[in-house]
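# Secondary and tertiary structure notes
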Amino acid sequence: MLPFVPEGIQDALDIGCSEGRFGEALQSARGCRVTGVEPFPAAAALAKTRLYKVFCSSAESFLSSHEGKFDVIFFNDVLEHLVDPWAQLRACCRLLKSPGGLIIASLPNIRFLFALQEIVFRRDFPYEDAGIFDRTHLRFFTSKSMISVLESSGFEVLRRQGINGLESRRYTWANRLTLRHFEDMLFPQFVTVARLR
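My aim in this report is to walk through the structure given alongside it, one point at a time.

Criteria and cut-off values
Residues numbered from 1 in each chain as written. Predicted model: local features only at pLDDT ≥ 70, side-chain atom pairs only at ≥ 80, totals over all residues. Heavy atoms only, no water. Helix = DSSP H or I, 4+ residues; strand = E, 2+ residues; numbered from the N terminus. Rg over C-alpha atoms; globule rule 2.2 N^0.38 Å. Salt bridge = Lys/Arg side-chain N within 4 Å of Asp/Glu carboxyl O. Buried < 20%, exposed > 50% of the residue type's maximum accessible area, 1.4 Å probe, protein only. Arc of directions from axis to C-beta. Contact = heavy atoms within 4.5 Å. Patch = residues over 30% accessible without salt bridge, like charges linked within 9 Å, V, L, I, M, F, W, Y side chains within 5 Å. Areas by Shrake-Rupley, 256 points an atom, 1.4 Å probe, with all protein chains shown as cover. Pairing = 2+ DSSP bridges. Right-handed = clockwise from strand over helix to strand, strands pointing away.

A tally of helices and strands in the chain yields seven helices and seven strands. Beginning at the N terminus, the succession of helices and strands in the chain can be written as β-α-β-α-β-α-β-α-β-α-α-β-α-β. Taken over the C-alpha trace, the chain has a radius of gyration of 17 Å; the compact-globule value for 197 residues is 16 Å, and the two agree within 12%. Over its C-alpha atoms, taken along the principal directions, the chain stretches across nearly 50 × 35 × 30 Å.

Next up on the list: the pattern of salt bridges. Close approach of charged atoms allows side chains of opposite charge to pair. Taken as a whole, this structure holds 10 salt bridges when the rule is applied. The residue aspartate 71 makes a salt bridge to lysine 97 at a minimum N-O spacing of 3.5 Å. Separated by 26 residues along the polypeptide, aspartate 71 in the loop between helix H3 (59-65) and strand E4 (72-76) and lysine 97 in the loop between helix H4 (85-92) and strand E5 (102-108) bring together distant segments of the chain. Three or more residues joined by partner-sharing salt bridges are found here, namely Asp11, Arg33, Asp71 and Lys97.

Before going further, it helps to spend a moment on helix H1 (residues 21-30). When H1 is considered as a whole, its buried residues turn out to be Phe22, Gly23, Leu26, Gln27 and Arg30. The buried residues of H1 occupy one face: seen down the axis, they fall within an arc of 135 degrees. Turned more than 90 degrees away from the buried face of H1, the exposed residues are Arg21 and Ser28. Buried-residue contacts for H1 involve strand E1 (11-15), strand E2 (33-38) and E4. Following H1 by one or two positions, glycine 31 adopts a phi angle in the positive range, close to 65 degrees.

A few words on a nonpolar patch on the surface. Taken together, the side chains of Ile119, Val120 and Phe121 define a hydrophobic patch exposed on the protein surface, amounting to about 310 Å² of accessible area. Its place among the elements puts isoleucine 119 in helix H5 (residues 113-121). Looking at isoleucine 119, the relative accessible area reads 30%, which means it is partly exposed.

E2 sits mainly inside the fold: five of its six residues count as buried. Looking at chain direction, E1 and E2 are connected through five bridges and run parallel. Bridged to leucine 13 within E2 is threonine 35. In terms of handedness, the path from E2 via helix H2 (residues 41-48) over to strand E3 (residues 53-56) forms a crossover that is right-handed.

Printed below as a string of structure tokens:
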């Protein structure tokens, strides 16, 4: 995620910061202050040893009540766990510095080739402990709907990029032969960078 973070940020908010490892790396790489939000007490306690500030809270509770201002808010594999990601993104609007406040979100791609293989050919939706079929996911996104959820919540999408993609020549040629129509299927995750309108 660090290559997606612009230089010069001072205050960042990491929603679902877990034990604070990403925020710690971000503070080191960009010299900024990272505030974390984490609902699980044990993870939040570890994050407190690494980050500027940590709130043990759900995303919904924090976003509805906090008064601070941030240059960027991160949702690293978090939006798919929220009941209403649209409402939480709208709540971010008042917490971002204007102009130029950013949302940077990574989301699993339900249109990933291997995920569709399970659904279409194996006729299954295998709930798992992690990954695209994580049993705690409440929402599922494609590359296209990732843009839609941000744009409909008050943001302008600046960049969208697949990460952790397939590297096989076979998949690359198949993608070229279909005029890149299936390019999004080569990535299990996408990172989207969006700016407050």
